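Structure at a glance
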Amino acid sequence: MMRRLSLSVLFATLTLSSLSALAHTPLCACYDMGDGTILCEGGFSDGSSASGVSIRVVDSDDNPLLEGEMSEDSEFEFDKPDGDYTVVFDAGPGHNIEIDGQDIVE
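Residues numbered from 1 in each chain as written. Predicted model: local features only at pLDDT ≥ 70, side-chain atom pairs only at ≥ 80, totals over all residues. Heavy atoms only, no water.

**Examining the environment of isoleucine 55**
In plain terms, the rule: Counting from the N terminus, the helices are DSSP H or I runs at least four residues long and the strands are E runs at least two residues long. Burial classes follow relative accessibility: with a 1.4 Å probe on protein chains only, a residue under 20% of its type's maximum area counts as buried, one over 50% as exposed, and anything between as partly exposed.
Locating isoleucine 55 in the fold gives a position in strand β3 (residues 54–59). Residue classification places isoleucine 55 among the buried positions, given a relative accessible area of 2%. Put simply, isoleucine 55 and glutamate 98 are 43 residues apart on the chain and 9.8 Å apart in space, counted from C-alpha to C-alpha.

Pasting the structure below:
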């Protein structure tokens with residue numbers, strides 16, 4: 001009986017852990033502001049802020065063009081680079097989003 005109860009508790013814990021992991025999906029979108037700047041907004045599906053999350057802009061060879069982190073308002077604004085680039089929202093292992101610069105339009 002005790003073993004069955006322990007297995008039930010373990011199963012419930014693993015199930016809840018899985019659900020909470022799924023509820024923390026990273027979100028990031030970037031917008032061309034039409035004035036030569038790009039604005040990116042981030043967060044998590046559970047409503048958590050992305051403040052302090054690393055963000056970087058890399059060229060087509062994955063060389064960093066600039067690095068920073070999301071502001072207190074979960075935003076990151078930068079001057080639009082010349083040429084091809086990708087924005088990388090890096091909230092840790094399994095929580096990365098890459099946005100191709102060609103997909104960022106006015």
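**A look at the pattern of salt bridges**
The condition that has to hold: Whenever a carboxyl oxygen of Asp or Glu lies within 4 Å of a side-chain nitrogen of Lys or Arg, that contact is scored as a salt bridge.
Taken as a whole and judged by the stated rule, the model has two salt bridges. Between arginine 56 and aspartate 90 there is a salt bridge, with the nearest N and O atoms lying 3.4 Å from each other. Of this pair, arginine 56 sits in strand β3 while aspartate 90 sits in strand β6 (residues 85–90), and the two are 34 residues apart along the sequence. On the basis of relative accessibility, which here comes to 28%, the residue arginine 56 falls in the partly exposed class. Residue aspartate 90 is classed as partly exposed on the basis of its relative accessible area of 24%.

**Description of the state of the cysteines**
Keep this limit in mind: Pairs of cysteine sulfur atoms within 2.5 Å are identified as disulfides in what follows.
In this structure the tally under the stated criterion is one disulfide. Each disulfide pairs two cysteine sulfurs, and for cysteine 30 the partner residue is cysteine 40, the sulfurs being separated by 2.1 Å. Taking the sign of the S-S torsion, 105 degrees for the link of cysteine 30 and cysteine 40, the bridge is right-handed. Of the two residues, cysteine 30 is situated in strand β1 (residues 26–32) and cysteine 40 in strand β2 (residues 37–44); the sequence distance between them amounts to ten residues. The residues cysteine 30 and cysteine 40 share a single accessibility class, namely buried.

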